[in-house]
Amino acid sequence: MPEGIAQHHDGWFELALRAGRMVAWEQDLVTDHVSRSDSSVDLIGIGSGPLSGILERIHPDDRHLRAGLGRSGRQEEEVVFRFMTAEGGQIWLATRVRRVSPERLIGISFDVTEAKTAQDRIREMALHDDLTGLPNRTCCAEHLERAIGGAHPDGVALMALDFDYFKEINDSFGHEAGDFFLKTIAGRLRALSGKGVTAARLSGDEFLVIAPGLDRQEAMAFARKLARRVGQPVEYRSQTLWAGVSIGLSRYPDDAETADGLVKAADIALYRAKNSGRSRTVAFKPEMGHVVEERQRLLSELRGALRYGQVQPFYQPKIDLRTGRITGFEALARWFHPERGILTPVSFQAAFEDPHLSLRITTYLFRRVLVDLVNLRRIGLDPGTISFNLSNAAFGHPKIVRRIVAALETFDIPAESFEIEVTENVLLNRNEIVARRKINHLRRNGIRISLDDFGTGNASLSHLQTFRVDTIKIDKSFVDDICDDAKGRAIVSGIVTIAGALGLTVVAEGVETIGQKECLQAVGCDQAQGYLFSRPMSYDRVVDLLRKETADQGR
Ligand code: C2E
Ligand code: CA
Ligand code: CA
């Protein structure tokens, strides 16, 4: 027992050391001899001896920490290092020392493995996502700061990923499938990681990928590769899950100088990818920022407009081409803007495509239409079938069908007086099973389905077998050509024939001239809609029109 420690050497001291799982020691800084308390042999497996005796048992990366003790000039120091036990395991030792004279160091060492492990686990938990094990938002921000901060001054690419139809996987296959999907995606991202590339999960189905050391072209090529790999369908219990991935790309230093700015730029590009048709990869451009601000302003203004009842449906009649009678109306949104007058949806289309606002505006408009319908019936007028448009985002909303059916019940309106209009892309750009389930849910409740803008999207007549619809609306662009060339006429005629064979009603949109009307009659089109017959009108004008029709019929 060394002199210093021997001074305290009584049974109590040694017992206290053992109870605290501690080693007391003293080092001669001239000879580097270390004297240790008796507890040392039990706890770390070495007794008194040269400094090298302990150094060779310390992890090579940590060795300098212990070797440097007493040489810094400071009076008190503390270090934590990894130590190999005699059994070959590793423990963490904390050592606290005091330099009592120029040649003498006294210290105490104790095992902090448990605390250290718990601390690491907490850190790991704080920085990683539970489900996928990928770094989380906090950890990702650190990585990004580091990548920008000097490690890769020559360029850092950032990719924001978002799955287009993940919600639908959850809705139709359950959360277990959703979790499986996310874990598979995480696995794919991990496979692409390494060489400085880091992937992180931010929340839900949002991921970020940081790829340093790429120029603009390489960054785009990498993002495309990412889209290909990550966008592959996922097999789950003999089912195929597919959600489509949209990617927004930004690059340091071209698009932003800070980590925050870079994330914002990638988000804006992602937003653009979603809006230009989804399942795309889009690189940030400065002018995109402006568009996003405009849109935000518009959306918040529209929220107010909904609150003040400034948004209302107008109605455009549909005409039976054989009898000339009104068969129904299409409801079309109008915004009575206090400064800009009556706005058509061109000015606020974004609201219909916003994931949150679309549900609100759609539900709101649908109720307004129902109120108008109740009022018409009260005064004894029957407007026929009312067509109501559902945007891509609104159709995608898990609650939409239930809301529609519930609203019909609330107002006690028979579902048969309703037709829901969706475009081909609304059906085709998403999980087919989910889309079909929604369509069937609506039809089961007696609501008719109309395929809007037919011919302009990716659909072909063959899709009519996948999705059971009741009506197809031939897009205005075909009607425009119908009189001018034989080809235009042949297309419309073909659609009418096939639709007839499938038992579907055909409505021609945007009929503006008598010539167009006659051509449509000649090919056997059932109904038409257009300025030739009437522009969309307010509720009051609908009342006038229906009264006049009833009077004409009575005559
Ligand atoms: P859409 O569903 O194809 O509606 C027909 C559009 O063509 C309407 O424009 C209508 O006013 C216009 N139109 C009708 N006849 C003629 C014509 O003879 N010539 C010309 N040039 N145009 C004609 P509107 O009301 O501006 O609506 C534009 C689009 O906005 C609609 O196209 C629809 O996609 C969307 N929209 C309107 N209301 C709603 C709504 O309540 N919900 C949703 N999701 N979308 C809506
Ligand atoms: Ca429509
Ligand atoms: Ca249309």
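Residues numbered from 1 in each chain as written. Chains lettered and ligands numbered in written order. Predicted model: local features only at pLDDT ≥ 70, side-chain atom pairs only at ≥ 80, totals over all residues. Heavy atoms only, no water.

On to the coordination of the calcium ion (ligand 3). Tetrahedral coordination by four donors sets the ideal angle at the metal to 109.5 degrees; octahedral coordination by six donors sets it to 90 or 180 degrees. Bound to the calcium ion (ligand 3) on the protein side are Asp452 (OD), Asp453 (OD), Glu509 (OE) and Glu509 (OE), at distances that span 2.1 to 2.5 Å. Each donor residue of the calcium ion (ligand 3) lies on one chain, and together they are spaced D-D-x55-E. Between the calcium ion (ligand 3) and the calcium ion (ligand 2), a spacing of 3.9 Å is present, and a bridge between the two is formed by Asp452. Placement of the pair is Asp452 in strand β19 (residues 448-454) and Glu509 in the loop between β21 (505-508) and α22 (514-523), with a sequence separation of 57 residues. Both residues of the pair, Asp452 and Glu509, belong to the buried class. (Donors = N, O, S within 2.8 Å, 3.2 Å for Na, K, Ca; no water. Helix = DSSP H or I, 4+ residues; strand = E, 2+ residues; numbered from the N terminus. Buried < 20%, exposed > 50% of the residue type's maximum accessible area, 1.4 Å probe, protein only.)

Our next topic: the sheet that holds strand β4 (residues 76-84). Spatial ordering of the open sheet is given by β3-β2-β1-β6-β5-β4, a layout of six strands whose pairing is antiparallel. The strands lining the two open edges of the sheet, one partner per strand, are β3 (49-50) and β4. Examined bridge by bridge, strand β1 (residues 22-28) and strand β6 (residues 104-111) share seven bridges and lie antiparallel to one another. Directly across from Asp28, in β6, lies its bridge partner Arg104. (Pairing = 2+ DSSP bridges.)

The subject of this paragraph is helix α21 (residues 486-501). Spanning 16 residues, α21 covers 22 Å between terminal C-alpha atoms, matching the ideal 22 Å at 1.5 Å per step. Buried within α21 we find Gly488, Val492, Ile495, Val496 and Ala499. Considered in projection along α21, the buried side chains sweep an arc of 95 degrees and stay on one side of the axis. Exposed side chains of α21 directed beyond 90 degrees from the buried face belong to Ala486, Lys487, Thr497 and Ala501. Its buried side turned inward, α21 meets β19, β20 (471-474), α20 (476-481), β21 and α22. (Expected span 1.5 Å × (residues − 1). Arc of directions from axis to C-beta. Contact = heavy atoms within 4.5 Å.)

The next point concerns the coordination of the calcium ion (ligand 2). The coordination sphere of the calcium ion (ligand 2) contains the protein donors Glu330 (OE), Asn389 (OD1), Glu421 (OE) and Asp452 (OD), at a distance range of 2.1 to 2.3 Å. The exposure class of Glu421 is buried, given its relative accessible area of 1%.

Our next topic: the sheet that holds strand β9 (residues 206-212). Working definition: the strands of a sheet are paired by backbone hydrogen bonds and lie parallel or antiparallel to each other. With mixed pairing, five strands are arranged side by side in an open sheet as β8-β9-β7-β12-β13. Edge positions in the open sheet fall to β8 (198-203) and β13 (281-283), since each of these has one partner strand only. With direction set aside, neighbouring strand axes in the sheet form an average angle of 20 degrees. Looking at chain direction, β8 and β9 are connected through five bridges and run antiparallel. Bridge pairing in β9 places Arg201 opposite Phe207. The strands that helix α9 (residues 175-192) touches are β7 (156-163), β8 and β9; relative to β9, the one it contacts most, it runs at about 0 degrees. Strand contacts of helix α11 (residues 259-275): β7, β9, β12 (245-252) and β13, with the helix running at about 145 degrees to β12, the strand carrying the most contacts. (Axes fitted to C-alpha atoms, helices over the stretch in contact; angles between N-to-C directions.)

In this section: the side chain of Glu509. Owing to a relative accessible area of 12%, Glu509 belongs among the buried residues under this scheme. If near-sequence neighbours (up to four positions away) are discounted, Glu509 is found in contact with Asp452, Asp453, Lys473, Ile474, Asp475, Lys476, Val479 and Gln529.

Bringing the nonpolar core into the picture now. Counting 81 residues, the largest nonpolar core has Phe418 and Ile472 as the members making the most contacts within it. For this core, the leading source of residues is helix α14 (residues 357-378), giving 11 residues. In this structure Phe418 touches Phe366, Val369, Leu370, Leu373, Thr385, Ile386, Phe388, Leu408, Ile413, Ile447 and Arg448, once residues within four positions along its chain are discounted. Counting 35 residues, the second largest nonpolar core, distinct from the first, contains Ala177, Leu182, Ala199 and Leu241. (Core = buried A, V, L, I, M, F, W, Y, C linked by side-chain atoms within 4.5 Å.)

Listed under "domain: GGDEF" (unreviewed entry) in the UniProt record, and renumbered for this structure, are residues 154-286. Between the first and last C-alpha atoms of residues 154-286 the distance is 20 Å; the span itself is 44% helix and 29% strand. (UniProt positions renumbered as here; feature names shortened; annotations may be inferred.)

In this structure the tally under the stated criterion is zero disulfides. The cysteine Cys483 is free of any disulfide, with Cys519 supplying the nearest cysteine sulfur at 3.1 Å. Classification of Cys483 as partly exposed rests on a relative accessible area of 36%. Here Cys519 falls in the buried class, since its relative accessible area comes to 11%. (Disulfide = S-S within 2.5 Å.)

For the chain, the assigned domains are domain 1 (3-116), domain 2 (128-284) and domain 3 (296-422 + 432-441 + 509-554). For domain 1 and domain 3, the distance between their C-alpha centroids amounts to 82 Å. (Domains from an automatic or database assignment.)

This brings us to the environment of Thr471. Tracing the chain through its elements places Thr471 in strand β20. Once you skip the residues sitting within four places of it in the chain, Thr471 turns out to touch Glu419, Arg448, Ile449, Ser450, Leu451, Thr505 and Val507.

This part is about the site of ligand 1. Inspection of the region around ligand 1 gives 23 residues, with Gln316, Ala333, Arg334, Glu512 and Tyr531 positioned closest. In the model, an oxygen atom of ligand 1 is placed 3.0 Å from a nitrogen or oxygen of the Asp452 side chain. Between an oxygen atom of ligand 1 and a main-chain N or O atom of Tyr531, the distance comes to 2.7 Å. The fraction of the free accessible surface of ligand 1 (790 Å²) that becomes covered by protein chains is 80%. Elements supplying a minimum of two residues to the shell around ligand 1: β15 (326-337), α13 (349-353) and β19. Of the residues assigned to the shell around ligand 1, the class counts are nine nonpolar, seven polar and seven charged. (Near = heavy atom within 4 Å. Polar contact = N/O pair within 3.5 Å; in protein donor to acceptor, adjacent residues only side chain to side chain. Areas by Shrake-Rupley, 256 points an atom, 1.4 Å probe, with all protein chains shown as cover. Nonpolar A, V, L, I, M, F, W, Y, C, P; charged D, E, K, R; others polar.)

On to the packing of aromatic side chains. Here the structure, examined in full by the defined rule, presents 11 aromatic pairs. Taken together, Phe163, Phe166, Phe181 and Phe207 form an aromatic cluster joined through their ring pairs. Sitting over the ring of Phe395, Lys438 keeps its end group 5.5 Å from the ring centre. The ring of Tyr531 carries the charged tip of Arg535 above its face, separated from the ring centre by 3.8 Å. (Phe/Tyr/Trp six-rings, centres within 6.5 Å; stacked < 30°, edge-to-face > 60°. Lys NZ or Arg CZ within 6 Å of the ring centre and 35° of its normal.)

Time to look at the packing of helix α16 (residues 400-411) against helix α18 (residues 432-444). One way to put it is that α16 packs onto α18 with a least axis distance of 10 Å and a crossing angle of 5 degrees. It follows from the interaxial angle that α16 and α18 lie roughly parallel. Across the interface between the two elements, Ile400, Val401 and Ile404 from α16 touch Lys438, His441 and Leu442 from α18. Taken together, the residues of the contact of α16 with α18 break down into four nonpolar, one polar and one charged. (Parallel < 35°, antiparallel > 145°, perpendicular 65-115°, else oblique.)

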